[in-house]
Amino acid sequence: MVAIPAPASLVPVRPGVFELPKDVRPGMRVPVRVYGTEELVAAMDDQVFIQAANVATLPGIVDASLVMPDAHWGYGFPIGGVAAMDPDTGVISPGGIGFDINCGMRLVRTDLVWSELEPHLERLVEALAARVPAGTGRRGFVRVDEDGFREVLRDGAVWAVRAGYGEPADLAYTESHGRYPNADPDAVSERAIERGRHQIGTLGSGNHYLEIQVVRDAGVHDARLARAFGLDRPEQVVVMFHCGSRGFGHQVASDYLRQFLKLMPTRWGLPVLERDLACAPFRSDEGQAYFRAMSCAANMSLANRQVILHRIREVFSDVFGRSAEELGIRTVYDVAHNNARLERLPAPGGGERILLVHRKGATRSLPPGHPELPDAYRETGQPVIIGGSMETGSYLLAGMSTGAESFYSTAHGSGRTMSRTQARKRVHGRHLARRMAERGIVVRAASWAGLAEEAGFAYKSVEAVAEATEVAGLSRRVAHLVPVGNVKG
Amino acid sequence: MSEGRPEATFSFVEGPTSDLTVEARGPTPAAVFAAATDALLAATIASPERLGTSVRRRVAFEEPTLELLLLRWLDEWIYLRDAEQLLMRAASVAVTRAAAQGGAAGEGAEAGWRLEAELAGEPIDAAHELLTDVKAPTAHGLRVAETAGGWEARVTLDV
């Protein structure tokens, strides 16, 4: 491993953007570009820069290896790393995507306001915890056999809506319209299918959660964009949840990681710089097979979030005695974090180019006017969701035209500053739940230890991250969302 | 924390911020592998020492290197947890040199390594206090090596 003195060798480019030149380690094909304020960048672990420099050596990488403002030390890529490859000469890397493939966030608006919700908050959180299974080994209510699960893998949220779990309109407000087109179940192992097929409609654990939030007046940064995104009344109640492709995606990643590690030095003559940067040429049979399997996992995650939305609608409808439609429960947007997609992007000299964009712990952030956006968001840009800690809240933002430089990518969360073990040493989950209750946040956790790991002090300031993305021109703030109820996976 | 079998131990050490890094030590690769799944069990439930042994499973597989063998072994444990809802402990593990492998087996490919093991445990139920849902073993800093005092392994788990 090559030591990189950072951030001393970072060159300021403009406010909120730094660059690590491509001569800081041998083999770099492009520089590293770091987005963030001086404070955020100074607080990043040195490993972030080392890992981003390693990513810069990957074949086919174009422009720069990117680091988002919430980045922290990961495996392979840093979490908060983005790399775009020329699909004809470049590689696809499971370490640039992560094990929880297409893990993502969905934001759901309601017509309810805080005063209507407050008397029902405890009951609502209890019911959500009961109806949306969370934690280790929990199975969902959806029963599909192996062939049925293959349909889920092919069609994602489109399958879910076809099966009665949601509205066609939900698909318009989901990335890729709820379905990754390249999915091929023949590219996934039987083990992956067996591991994942019982988990549709489950949150999982770690940093996965389902949260009831309120948009306070003081938290609205851009009232026009907020209205366009369906946040149109004072003290409005919204629901946000974060989960992924569960054991299925983890197994797909594990299967291909092992395969690529075996084949890299012999079949493709690729050096294994770091084992967790294992990769395959995108155009190779194995690279294409992984791309198709990863797309299946993305579809599993989209189906999972769509089924969870269906459960949320059922719970709200039961508790308030009105239909989900009458309650105005609609998807604002569903964004994903861990994936690689072929995307049409502006070329530096004009025109367009198609690149394979890896985002690991980063969010796509399309600008106003982008053809992939639904009509309702054509003028606003894509809604972007940055999830903060369960104590400090989250942000809704919008994509900006200036984001072309980052392949239209932005931050995904507030970024851990402390390991899970350290967090558990600092607070007991039971104590944390009490502290949150005193501040008006009702929490139900699958495990006390898991709750402690997600304490607010283990994360960077979500305000600082959201602001940094705006300063750098990646995404603009629309509204701060304040948690009042949390189901922790 | 450092615990495990009389002949092998594991500990959770600092690693990538979001993940869980395990170091396991023992007199043989087999002992180290058994300690690594003990670590998985300890990450997953409180009081792993109370785990029953009503269910048994046998596994056997080969990989070209000890590191890949360890990844596959941990992956097997996680698969049993998700697909069969089983929490397991290694009852017996044997790690031996495998017969030569053909094809593109990669570094150290000529001989390869074979693992044969019996796992014993019980189905997940409400009596288990569940802690962490380990997603997968990663290749970050992955190491299985002989040391002056025996063998040691390091693996980072995505949680």
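Residues numbered from 1 in each chain as written. Chains lettered and ligands numbered in written order. Predicted model: local features only at pLDDT ≥ 70, side-chain atom pairs only at ≥ 80, totals over all residues. Heavy atoms only, no water.

**Quick word on the overall build of chain A**
Scanning chain A for helices and strands turns up 15 helices and 19 strands. Over its C-alpha atoms chain A spans a radius of gyration of 21 Å, differing by no more than 12% from the 23 Å that the globule rule assigns to 489 residues. In chain A, which comprises 489 residues, the proportion classed as buried is 67%. Of the contacts formed within chain A by residues at least 6 apart in sequence, a portion of 77% connects residues at least 24 apart. Here chain A displays about 15700 Å² of accessible surface, and carbon together with sulfur accounts for 49% of that area. (Helix = DSSP H or I, 4+ residues; strand = E, 2+ residues; numbered from the N terminus. Rg over C-alpha atoms; globule rule 2.2 N^0.38 Å. Buried < 20%, exposed > 50% of the residue type's maximum accessible area, 1.4 Å probe, protein only. Contact = heavy atoms within 4.5 Å. Areas by Shrake-Rupley, 256 points an atom, 1.4 Å probe, with all protein chains shown as cover.)

**Details of the pattern of salt bridges**
Residue and element names in this part refer to chain A. Counted under the stated rule, the structure contains 60 salt bridges over all chains. A salt bridge links Glu151 to Arg162, with the nearest nitrogen and oxygen atoms 3.4 Å apart. One end of the pair, Glu151, is in helix H5 (residues 146-155); the other, Arg162, is in helix H6 (residues 157-162), with 11 residues separating them in the sequence. A salt bridge links Arg364 to Glu175; its shortest N-O distance comes to 3.8 Å. Here the residue Arg364 occupies a position in strand S14 (residues 363-364), and Glu175 occupies one in the loop between helix H7 (168-172) and helix H8 (190-196), the gap between them amounting to 189 residues. Classification of Glu175 by relative accessible area gives buried; the value is 1%. (Salt bridge = Lys/Arg side-chain N within 4 Å of Asp/Glu carboxyl O.)

**Quick look at the interface of chain A and chain B**
Across the boundary between the two partners, chain A contributes 43 residues, which contact 40 residues of chain B. With both chains or domains summed, chain A and chain B bury close to 3800 Å², and 51% of this area falls on carbon and sulfur atoms. Sorting the residues of chain A by area buried against chain B places Thr136(A), Arg258(A) and Arg275(A) first, and these three jointly supply 18% of that buried surface. Viewed at the interface, chain B and chain A are joined by 8 salt bridges. Residue Arg191(A) is joined to Asp75(B) by a salt bridge in which the shortest nitrogen-to-oxygen separation is 3.6 Å. Where chain A touches chain B, the interface holds 11 residue pairs in polar contact (both at pLDDT 80 or more). Here the side of chain A that touches chain B takes 10 residues from helix H10 (residues 246-263) of chain A, the largest share from any one element. (Buried area = accessible area lost by both parts, 1.4 Å probe. Polar contact = N/O pair within 3.5 Å; in protein donor to acceptor, adjacent residues only side chain to side chain.)

**Considerations on the sheet that holds strand S3 (residues 32-35) of chain A**
Residues and elements named next belong to chain A. The strand order S1-S2-S3-S4-S5-S13-S12 describes an open sheet built from 7 strands, whose pairing is mixed. Every interior strand has two partners, whereas the edge strands, strand S1 (11-14) and strand S12 (339-346), have only one. For this sheet the average axis-to-axis angle between neighbouring strands, irrespective of direction, equals 30°. Pairing of S1 with strand S2 (residues 17-20), which is carried by 3 bridges, proceeds in the antiparallel orientation. Among the inter-strand pairings, Val11 is bridged to a residue of S2, identified as Glu19. (Pairing = 2+ DSSP bridges. Axes fitted to C-alpha atoms, helices over the stretch in contact; angles between N-to-C directions.)

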